[in-house]
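Below are the chains, spelled out letter by letter.
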Amino acid sequence: MQMQQAPVIADMSSNTHTPGLSFNSATKEQLVIILKGSRIKAATIDKLIQNRPYNSISEMFSILKFTPFARKAIQTKLDSDQVFL
């Protein structure tokens, strides 16, 4: 009689995925680096920091009045897990 082996269950505790930077806790220097190429100026990053915490990305977009280009650049970074709220 051949013994059946127990099914192998993936060990999810070893998941090493770490999200990117949080808009609610990143330093100014970190935000400058991650937002490079988004056309968001240092003064707007200062305003982003002053108005924290944000409850949603849409709230942050509304408060900071980002241009469509900046919104798209940020959304791309959100979609690729480079940043999160």
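Worth saying up front: this structure is predicted, and the values here are computed from it rather than measured.

Peer 1: So what's going on with the nonpolar core? Which residues, and what values?
Peer 2: Counting 18 residues, the largest nonpolar core has Phe23, Leu31, Leu35, Leu48, Met60, Phe66 and Ile74 as its most contacted members. Of all the secondary-structure elements, those providing two or more residues to this core are α1 (28-34), α2 (42-50), α3 (57-64) and α4 (68-79). With 4 residues, α3 is the single largest residue contributor to this core. When near neighbours in sequence (up to four residues on either side) are disregarded, leucine 35 contacts Phe23, Ile40, Ile45, Ile74 and Lys77.

Peer 1: Pulling in residues and values, what's your account of the side chain of serine 22?
Peer 2: In this fold, serine 22 is placed in strand β1 (residues 21-22). Looking at serine 22, its side chain comes within polar contact range of the main-chain oxygen of leucine 85, at 2.8 Å. If sequence neighbours within four positions are ignored, serine 22 has contacts with Phe84 and Leu85.

Peer 1: Would you mind going over the packing of aromatic side chains in detail, with residue names and values included?
Peer 2: For the coordinates displayed, the defined rule picks out 1 aromatic pair. Taken together, a centroid distance of 5.7 Å and an interplanar angle of 85 degrees make the contact between phenylalanine 61 and phenylalanine 66 edge-to-face. Over the ring of phenylalanine 69 we find arginine 39, and its NZ or CZ is 3.8 Å from the ring centre.

Peer 1: Explain the pattern of salt bridges to me, using residue names and the numbers behind them.
Peer 2: What the rule picks out here adds up to 1 salt bridge. Between lysine 28 and aspartate 46 there is a salt bridge, with its nearest N and O atoms 2.9 Å apart. A residue pair is termed long-range when its members are at least 10 positions apart, and lysine 28 in helix α1 and aspartate 46 in helix α2 qualify at 18 residues.

Peer 1: Quick one: what's the story with the side chain of lysine 77, residue by residue and with numbers?
Peer 2: Of note, lysine 77 is situated in helix α4. Despite its burial, lysine 77 remains without a salt bridge, the nearest opposite charge being carried by aspartate 79 at 12 Å. Leaving out residues up to four positions away in the same chain, lysine 77 has contacts with Ile34, Leu35, Lys36, Gln82 and Val83.

Peer 1: I'd like to hear about the confidence of the model for the chain, residue by residue, with values.
Peer 2: Considering every residue of the chain, the mean pLDDT works out to 83; 78% of them sit at 70 or more. Looking at the elements of the chain, mean pLDDT is at its lowest for strand β2 (residues 83-84), recorded as 92, and at its highest for α2, recorded as 96.

So, how was this worked out
- Residues numbered from 1 in each chain as written.
- Predicted model: local features only at pLDDT ≥ 70, side-chain atom pairs only at ≥ 80, totals over all residues.
- Heavy atoms only, no water.
- Core = buried A, V, L, I, M, F, W, Y, C linked by side-chain atoms within 4.5 Å.
- Buried < 20%, exposed > 50% of the residue type's maximum accessible area, 1.4 Å probe, protein only.
- Helix = DSSP H or I, 4+ residues; strand = E, 2+ residues; numbered from the N terminus.
- Contact = heavy atoms within 4.5 Å.
- Polar contact = N/O pair within 3.5 Å; in protein donor to acceptor, adjacent residues only side chain to side chain.
- Phe/Tyr/Trp six-rings, centres within 6.5 Å; stacked < 30°, edge-to-face > 60°.
- Lys NZ or Arg CZ within 6 Å of the ring centre and 35° of its normal.
- Salt bridge = Lys/Arg side-chain N within 4 Å of Asp/Glu carboxyl O.
- Lys, Arg positive; Asp, Glu negative; His and termini not counted.
- pLDDT = per-residue confidence, 0-100.

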